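Survey of secondary and tertiary structure
Below are the chains, spelled out letter by letter.
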Amino acid sequence: MSERLQVIFLSYVSEDRSRVLPFYELLDAHSLDPWMDCKSILSGQNWDYEITTALERSDIILVFVSEHSVDKRGYAQKEISFALEKIKEKLAADIYAIPIQLDPVDFPWALKDIQFLQVEGKSQSDVESELLRSIEAAQKGAKDKIIEAQSKAEVRWHLDEAKSAYHGIPGYSTTIQRIAVSSTKYTQVRDIADHVNGILAEHSMSSRISALSPMPASYNLMQSEWQRTDTFDAIFQSAQIVGRILSIEYSLHWYNAGAAHPVHAPRTFSYLLEPVVHLATFKELFRDDRALRAIQSEVRSSLASELNLPDAGLADTNWIEEGTKDWDDFSNFAFTDDGLTINFASYQVAAYAAGMPKAKVPYKIIVEHLEDHVLHALGLYRPMA
């Protein structure tokens, strides 16, 4: 089985850079593909874009905790806050957090149930050995879970990367993590990979269009490459089979050279496996419009809670309601063991700083509204009248 290279993201505050660099060098010496902003972001690249896409690619996050990263308001540094959000979202789906305590300080709540590595009072060699063992265990655990899930479902998937680049004014750089799907049980699943990869390729081709119209008034070849390069990344997040439905989740990222900030959006794909049929729209999963009202109520409440808006003001409430008013607003959905996960793009239901929020709709709320073929594929039963 082939899977993506497991990137290790190092999350820290700038005051601790000199203390964290030896950890980067240790991982690099062991070919473990560490990612650290001061080592991995090139001149001219957009910091926000590179941090976000690195976190999206990461399977292991090292969170360095010190007296510099904690103050009376808690974790205020944007990078660590972002990392903690990704840990909260992804931990159950094979993202592994390894907290490293540089100083004897309290841990953030998101890490309180995770075993940490304590530096104080240990030799450098003991710390290094413990960290390498933890990473090895995390990588093995992630691979074992993938193998178990694929064997149980009798469907296998693996990834490879397709890259393209052009050095122009502007140029472009695109990267797609393409998926391949196979099965001895479901004979048509290769169509799924063709469909997913075709849509991602369309995004990649669209990102190259600007190269057809050089803009010497805005860019020139004396600028660093990344100051004049439009960037697109399609990053695989997860694949899950529930009953006879396969859901695949990606995150898509765009940055146009010179823009104020990047654009981030989810892209999900769900398929019946027998026969292979694309569940193309959210609305087609349900028998009537009553489902929309039930889903809106659950999702809006969940988002207000997730975005820490229990006493949301009118502006916040309106933003959430505007971003969840129609069937099409729920177009990025995925089936999980206990419900439908709805993914939202940046700006859709909250400010840019909120990232790409998610909400879960438990099956018990929607089971009576599901179409028969979806209900049966999930192995669910409609409640008796």
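This text goes with the structure placed above it.
**Focus: the overall build of the chain**
Secondary structure assignment for the chain yields 10 helices and 14 strands. Here the chain holds 385 residues, and the buried ones make up 48% of them. Considering only residue pairs separated by 6 or more positions, the chain has 66% of its internal contacts joining residues 24 or more positions apart. If you sum the accessible surface of the chain, you get close to 18800 Å²; carbon and sulfur atoms cover 51% of it.

**Regarding the environment of serine 218**
With respect to the helices, strands and loops of the structure, serine 218 is situated in the loop between helix 6 (190–206) and strand 8 (229–242). The class for serine 218 is partly exposed, based on a relative accessible area of 45%. Taking C-alpha positions, serine 218 is 9.0 Å from glycine 258, a pair spaced 40 residues apart along the chain.

**Things to note about the sheet that holds strand 12 (residues 333–335)**
Ordered by their spatial adjacency, three strands build an open sheet running 12-13-14, and the pairing between neighbours is antiparallel. The sheet is open, and its two edges are formed by strand 12 and strand 14 (358–362), each paired on a single side. Strand-to-strand, the axes of this sheet are offset by a mean angle of 25°, without reference to chain direction. When strand 12 meets strand 13 (residues 339–343), the two strands line up antiparallel, connected through three bridges. Bridge pairing in strand 13 links phenylalanine 335 to leucine 340. The strands that helix 7 (residues 290–306) touches are strand 13 and strand 14; relative to strand 14, the one it contacts most, it runs at about 135°.

**Some remarks on the sheet that holds strand 2 (residues 34–35)**
Sheet architecture is open: five strands sit in the order 2-1-3-4-5, paired in parallel fashion. With one partner strand each, in any of the chains shown, strand 2 and strand 5 (117–118) form the two edges of the open sheet. Pairing analysis gives five bridges linking strand 1 (residues 7–11) to strand 3 (residues 58–65), with the strands arranged parallel. Considered in strand 3, the bridge of serine 11 is made with valine 63. Relative to strand 1, helix 1 (residues 17–29) is tilted by about 175°, and along the sheet it contacts strand 1, strand 2, strand 3 and strand 4 (96–101). Lying over the sheet, helix 3 (residues 47–57) contacts strand 1, strand 2 and strand 3, oriented at roughly 115° with respect to strand 3.

**Digging into the side chain of asparagine 332**
In this fold, asparagine 332 is placed in the loop between helix 8 (314–322) and strand 12. Here proline 266 takes part through its backbone oxygen, which lies 3.4 Å from a polar atom of the side chain of asparagine 332. A polar side-chain atom of asparagine 332 sits 3.1 Å from the main-chain amide nitrogen of threonine 268.

Procedures and definitions
- Counting starts from 1 at the beginning of each chain's written sequence and moves along it residue by residue.
- Only residues with pLDDT of at least 70 are given local features in this predicted model, and only at 80 or more are side-chain atom pairs given and counted; all residues enter the totals for whole chains, interfaces and linings.
- Based on all heavy atoms of the structure, the side-chain values leave hydrogens and waters out of the count.
- Strands here mean DSSP runs of E at least two residues long; helices mean DSSP runs of H or I at least four residues long; both are numbered from the N terminus.
- Here's how the labels work: a residue is buried when its accessible area is under 20% of the maximum for its type, exposed when over 50%, partly exposed in between, all with a 1.4 Å probe on protein chains only.
- Contacts are assigned to residue pairs that have any heavy atoms within 4.5 Å of one another.
- Note on areas: these come from Shrake-Rupley sampling with a 1.4 Å probe, and a residue is covered only by the protein chains present in the view.
- One requirement defines pairing of two strands: DSSP has to find at least two bridges between them.
- Inter-axis angles, ranging from 0 to 180 degrees, are taken between N-to-C directions of lines fitted to C-alpha atoms, where helices are fitted over the stretch in contact.
- Two N or O atoms count as a polar contact when they lie within 3.5 Å, although within protein this holds only if one can serve as hydrogen donor and the other as acceptor, and sequence-adjacent residues are included solely when both atoms are side-chain atoms.

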